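Working through the structure, step by step
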Amino acid sequence: MSRVGKTIRQQLDYRPEIASWFEETKALFNRVTAFYFEVIEAHPEVLNMDGNGPRDTLERLTHRTKTNPEPTVPLATVAENIPALMRRAAIQAALGAAHSFHSNLARWQREKEQALAKGKKFKKRPPAPPGRWNKSVTLYAGMWKQRTATGILLKLWTGTSWCWVKVRIEGRQLPEDWEVKSPQLVQRGKRWWLHTFVEKNFSNPGTVKEQVTGAPEVKVCSVKLSASDSLAVCTIQTREGTALATRFIRGGSQLNGLRKSSLGRIARRRAETGLIAQGEPDNTRLWGRVRHLDEQVAHRVSRRIVEFAQAHGATLLVFEHLIPYHPKKGSFSQRGNEKCAYWLRSKIFHDSQYKAQAEGIITCLVSPRGTGSECASCKAQVTRYSQGQATSGSTPGARLVLCAVCGMRGNADCNASLNIGQRLFARYQKKEKPQTSPHAERLSKERGVPFPQAAESEARPPTELAGHGEGNGHGTAQGQRRGVARAGQVFLAQYDPVE
């Protein structure tokens, strides 16, 4: 069995005067966390304990009980009447921060020793412990109760006492078949949200190699991401290369127009200002609009990709491995739009990856080399052209493709998605070495070879240097690319496609 988790974010609806109670609760939680971090720094042996040893040791050092009336470092010096479950949540937050700090410090020390051993100067500053604490409040089971689809009771610190407050919940509901963990109070701007982590167990589908080589009825959903109107083209394929279903997820043209409009306004405002303050954000609202557009589209497209794969029983999701992108010269809005469109593909991949994992679907990558220029049927070079354009010459980036060898016609992205799925199967395909037919006059190896062939023929072995072939001889690379281009042009000129 495997486990997968995700976080459900829900906005809280409350009276305005309760907002200060959320802030007081968070401030108290961070004071307690900072206190326990200092205790851990004074007793570093706590970090080497296993299980509940660190928690029990820290409580024994700080918490006053009947059996422990005089703790070494009493927590009462920070605050009185801290709930036990809030205290333990603060201990876990302090332990996590301490482990992170000491791991970074040990890594810095190793890097310094390696640099000094090589005689190099080491100017990297050592990591520093947290100077300001801004942890979100983790609510253990005793800090909340009576949770429903629309409301929850929270235990908050008002500044003078603890009280139970009922607030409304808005947004996405918790999934039914998932295990709910302790929620967190998270401040986003001027509003407070409830972040709940949920987990689910599912049967392990196996690795990519095990599915491709072992399961005879395996189905693969190959995805071609592009910056055109079709943001994603998904194709369900079998091991034999049969395409069972194809889906075009559109909306790229509208997105590019909205994004370019916002980038153009940013460029005009920058031109009016003349100077941009270094280190300070400019046009925050417009940049936020661009970011929110891309995030919304990435979540929408990734959800449709996963739902399409799940509806057809695909257990593998295949994408191209994105390569570095360098935009062409142009205006600020044009270059920025191309960059954002390329980054959007990366967002779609990452969102699809964790959403597919929650459904038991494994995501993998293949090389993008030649997926858009090869025919999915015969692997020959294809000609790309636009609607109403002649097919005599290839236009890079055109939406239609034509194969002059097998006569295949279709959408370029659909052809590329087929190549992406076939490339995954070819990666794990067993390549058998062809057997060499035995020569009729070859002697058996059991007899051995007492004399070389030159000795048997009483001839002197050749000592001349091996010469090169002619310029256009067989096996030479001279003029290869030029010759292939000429041959392709002649073939396409002779080929008369049926319109």
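Since the model is a prediction, treat every value here as computed from it, not as a measurement. (Residues numbered from 1 in each chain as written. Predicted model: local features only at pLDDT ≥ 70, side-chain atom pairs only at ≥ 80, totals over all residues. Heavy atoms only, no water.)

1. Re the packing of helix α1 (residues 19-42) against helix α2 (residues 53-62)
Close contact between α1 and α2 brings their axes to 11 Å; oriented N to C, the two are set at 100°. As summarised for this structure, α1 and α2 are arranged roughly perpendicular, according to the angle between their axes. Where α1 abuts α2, its residues F35, Y36, V39 and I40 lie against L58, L61 and T62. For the contact of α1 with α2, the class distribution of residues is six nonpolar, one polar and no charged. (Axes fitted to C-alpha atoms, helices over the stretch in contact; angles between N-to-C directions. Helix = DSSP H or I, 4+ residues; strand = E, 2+ residues; numbered from the N terminus. Parallel < 35°, antiparallel > 145°, perpendicular 65-115°, else oblique. Contact = heavy atoms within 4.5 Å. Nonpolar A, V, L, I, M, F, W, Y, C, P; charged D, E, K, R; others polar.)

2. Considerations on the state of the cysteines
Counting across every chain of the model gives zero disulfides. With no disulfide partner, C221 has as its closest neighbouring cysteine sulfur the one in C234, 4.8 Å distant. Here C403 is not cross-linked by a disulfide; its sulfur's nearest cysteine counterpart is in C378, at 3.4 Å. (Disulfide = S-S within 2.5 Å.)

3. Some thoughts on the sheet that holds strand β9 (residues 230-237)
Within the open sheet, the five strands sit side by side as β10-β9-β8-β11-β12. Their pairing is mixed. Bordering the open sheet on either side are β10 (243-250) and β12 (362-366), each of which pairs with just one other strand. Adjacent strand axes in the sheet meet at a mean angle of 20°, parallel and antiparallel pairs treated alike. In this sheet, β9 lies alongside strand β8 (residues 220-225) in antiparallel orientation, the contact comprising six bridges. (Pairing = 2+ DSSP bridges.)

4. Some thoughts on the side chain of D294
Of note, D294 is situated in helix α6 (residues 284-311). The exposure class assigned to D294 is buried, which follows from its relative accessible area of 4%. In contact with D294, not counting residues within four places along its chain, are L255, R259, C340, L344 and K347. (Buried < 20%, exposed > 50% of the residue type's maximum accessible area, 1.4 Å probe, protein only.)

5. Comments concerning the environment of V220
Structurally, the position occupied by V220 is in strand β8. For V220 and L317, which are 97 residues apart along the polypeptide, the C-alpha to C-alpha distance reads 6.1 Å. When sequence neighbours within four positions are dropped, the list of residues in contact with V220 reads T235, I236, Q237, A314, L316, V318, L424 and F425.

6. A few points about the environment of R409
Looking at the secondary structure, you find R409 in strand β15 (residues 409-411). Among the polar contacts made by the side chain of R409, one reaches the side chain of Y385 at a distance of 3.0 Å. (Polar contact = N/O pair within 3.5 Å; in protein donor to acceptor, adjacent residues only side chain to side chain.)

7. A few points about the pairing of strand β4 (residues 151-157)
Most of β4 sits inside the fold, with six of its seven residues counted as buried. The pairing of strand β3 (residues 144-145) with β4 spans two bridges and is classified as antiparallel. Residue pairing across strands places W144 opposite L154, the latter belonging to β4. In sequence, β3 turns back onto β4 through a hairpin of five residues, with Q146 there showing a positive phi of about 55°. Taken together, the seven bridges between β4 and strand β5 (residues 162-171) define a ladder with antiparallel strand orientation. Bridging across to β5, L156 finds its partner in C163. Following β4, the chain reverses through four residues before pairing antiparallel with β5; G159 in that reversal takes a positive phi of roughly 110°.

8. Notes on the sheet that holds strand β2 (residues 137-138)
Taken in spatial order, the seven strands of this open sheet run β2-β6-β7-β1-β5-β4-β3, and their pairing is antiparallel. Single-partner strands in this sheet number two, and they are β2 and β3. Bridging between β2 and strand β6 (residues 179-188) involves two bridges; their strand directions are antiparallel. The residue bridging V137 from the neighbouring strand is L185, located in β6. On the sheet, α1 packs against β1 (2-13), β2, β4, β5, β6 and β7 (191-202) and is oriented at approximately 60° with respect to β4.

9. Thoughts on the confidence of the model for the protein
Low pLDDT means the predicted atomic positions in that stretch should not be read closely. Per-residue pLDDT for the protein averages 84, and the proportion of residues at 70 or more is 86%. Taking the mean pLDDT of every element in the protein, the minimum, 36, falls on helix α10 (residues 480-494) and the maximum, 96, on β2. Counting contacts from residues 451-457, a segment whose pLDDT is below 50, to residues more than four positions away or on other chains yields three contacts. Per-residue pLDDT stays below 50 along residues 464-499; that stretch engages in 14 contacts with residues further than four places along the chain or on separate chains. (pLDDT = per-residue confidence, 0-100.)

10. So, helix α5 (residues 252-273)
Its 22 residues place the ends of α5 31 Å apart at the C-alpha level, agreeing with the 32 Å of an ideal helix rising 1.5 Å per residue. Turning to α5, its buried residues number three or more, namely G252, L255, N256, R259, S262, L263, G264 and I266. Where α5 is buried, its residues touch β9, β10, α6 and α7 (332-358). Positive phi shows up at G274, right after α5, with a value of about 90°. (Expected span 1.5 Å × (residues − 1).)

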